[in-house]
Amino acid sequence: MINLRESKYDEEIFKDLKIDCKKCFGFCCVALYFSASEGFPMDKEAGETCINLNSDFSCAVHNNLRKNGLKGCTAYDCFGAGQKVAQVTYGGYDWKQTPELKNQMFDVFLVMRQLNEMLWYLTDALTFIQLSTTKDELNLMIKETKELTNLDAKSIMEIDIEKHRVKVNSILRQVNELVEKRVTSDKKVNLKNKKSLISGYDFIGANLTKTNLIGEDLAGALLIATNLSNTNLAGTNLIGADLRDADIRGANLADSMFITQSQVNTAKGDSNTKLPRALVRPFYWDK
Ligand code: SF4
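What counts and what doesn't
- Residues numbered from 1 in each chain as written.
- Predicted model: local features only at pLDDT ≥ 70, side-chain atom pairs only at ≥ 80, totals over all residues.
- Heavy atoms only, no water.
- Helix = DSSP H or I, 4+ residues; strand = E, 2+ residues; numbered from the N terminus.
- Polar contact = N/O pair within 3.5 Å; in protein donor to acceptor, adjacent residues only side chain to side chain.
- Contact = heavy atoms within 4.5 Å.
- Domains from an automatic or database assignment.
- Buried area = accessible area lost by both parts, 1.4 Å probe.
- Salt bridge = Lys/Arg side-chain N within 4 Å of Asp/Glu carboxyl O.
- Nonpolar A, V, L, I, M, F, W, Y, C, P; charged D, E, K, R; others polar.
- Core = buried A, V, L, I, M, F, W, Y, C linked by side-chain atoms within 4.5 Å.
- Buried < 20%, exposed > 50% of the residue type's maximum accessible area, 1.4 Å probe, protein only.
- Near = heavy atom within 4 Å.
- 1 Å grid on protein atoms, 1.4 Å probe; cavity = no way out; pocket = protein on both sides within 12 Å on 5 of 7 lines; lining within 4 Å.
- Points joined across faces, edges and corners; volume = space filled by probe spheres on them.

**Side note on the side chain of threonine 231**
Part 1: As for its position among the elements, threonine 231 is in the loop between helix H7 (161-185) and helix H8 (261-266).
Part 2: Separated by 2.5 Å, the side chain of threonine 231 and the backbone oxygen of leucine 228 make a polar contact.
Part 3: Non-local contacts of threonine 231, meaning those with residues more than four positions away in its chain, are made with Leu208, Thr209, Leu213, Ala251 and Asn252.

**Observations regarding the domain arrangement of the protein**
Many analyses report the size of an interface as the accessible area lost when the parts associate.
Part 1: On domain assignment, one finds that the protein holds domain 1 (12-32 + 76-183) and domain 2 (195-287).
Part 2: Each partner contributes to the interface: domain 1 provides 15 residues, whereas domain 2 provides 17 residues.
Part 3: For the pair domain 1 and domain 2, the summed buried surface comes to about 1,300 Å²; carbon and sulfur atoms form 67% of the total.
Part 4: For the pair domain 1 and domain 2, the number of links is zero salt bridges.
Part 5: Counting the contacts that link domain 1 with domain 2 gives four residue pairs in polar contact (both at pLDDT 80 or more).
Part 6: Looking at the side of domain 1 that touches domain 2, the elements with two or more residues in it are helix H4 (102-126) and H7.
Part 7: Per element, the largest residue contribution to the side of domain 1 that touches domain 2 is six residues, and it comes from H7.
Part 8: Its residues placed into classes, the side of domain 1 that touches domain 2 shows ten nonpolar, one polar and four charged.

**Here we look at the nonpolar core**
Part 1: One finds Phe27, Trp95, Phe109, Trp120, Leu122, Leu223 and Leu228 to be the most contacted residues of the largest nonpolar core, which totals 75 residues.
Part 2: For this core, the leading source of residues is H4, giving 14 residues.
Part 3: Shared between two domains, this core takes at least three residues from each, and those domains are domain 1 (12-32 + 76-183) and domain 2 (195-287).
Part 4: What tryptophan 95 contacts, discounting residues up to four positions off in sequence, is Phe25, Phe27, Val30, Thr49, Leu53, Phe57, Lys102, Met105 and Phe106.

**With respect to the site of the ligand**
Part 1: Close contacts around the ligand come from Cys29, Phe34, Pro41, Cys50, Asn52, Leu53, Cys59, Val61, Leu65 and Cys73, and that covers them all.
Part 2: Taken together, the residues that form the shell around the ligand break down as nine nonpolar, one polar and no charged.

**Description of the layout of surface pockets**
Rolled over the atoms, a probe with the dimensions of a water molecule shows which regions are left empty.
Part 1: In this structure, the largest pocket spans a volume of roughly 1,200 Å³.
Part 2: Taken together, 45 residues form the lining of the largest pocket, with Ile19, Cys21, His62, Cys73 and Tyr76 sitting closest to its centre.
Part 3: Taken together, the elements giving at least two residues each to the lining of the largest pocket come down to helix H1 (28-31), helix H2 (71-75), helix H3 (81-89), H4 and H8.
Part 4: Of the residues in the lining of the largest pocket, the class split is 28 nonpolar, ten polar and seven charged.
Part 5: No fewer than three residues from each of domain 1 (12-32 + 76-183) and domain 2 (195-287) sit in the lining of the largest pocket.
Part 6: In this structure, the second largest pocket encloses a volume near 900 Å³.

This is the structure we're talking about:
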């Protein structure tokens, strides 16, 4: 069994990157475009309020989202951007109190979500061991990104987000390479049956249970309804991979790289699926 992630990292480092809807003003239920075919209550334009949003910004069907087939709502994760914009950027003022700022708030929310998503990946990278060469760089990038999230609304809108993303991606790639190196040099990893999957990223409906995926690069891969049950995904780069309806029952994702709550929420797991400690097991998974 290969261990890639620090066993004793402080989970508090993820605290501000987890959703806290009670401190938010329903940004995701208003600011985003969504479509009924993707598991949302209705087709709606960005900026239009969801029919189920209560006046206190809670969701009228919160306890029955899955029962009502609203998978999109249960899968969405803002990485804590909602509460940050509501409580920090706008100091607790909501878009009903300040209608003149409504559109700006939603635009800021969309930028904040991207920054917080980057913070999630950087923080996740920090939990991998054997990263002494990049740890300082990672911490610096986290600091720089956090500083951006603390700017005022006007300055947030002026951030060159793509330029920042290039810098973040460059360091994430370095971390990925280090982990890959660690995997391939580990004597416990059986590399005999290991062949790279670089021939493609489309694995929709495929059965990968017999493929050695340890340390594999599945960034952005289409893993929709892919059978990954009982696979070991240690060191597997899952950044941006589409795991909708992927079967991860019994799979080991505890040491997978750059996995998010949203990806986990869309997949089908069970009580034997191993997750990184920062992620929560969806209550609707098989027992
Ligand atoms: S159904 Fe509830 S969670 Fe989904 S968008 Fe509407 S208010 Fe938000």
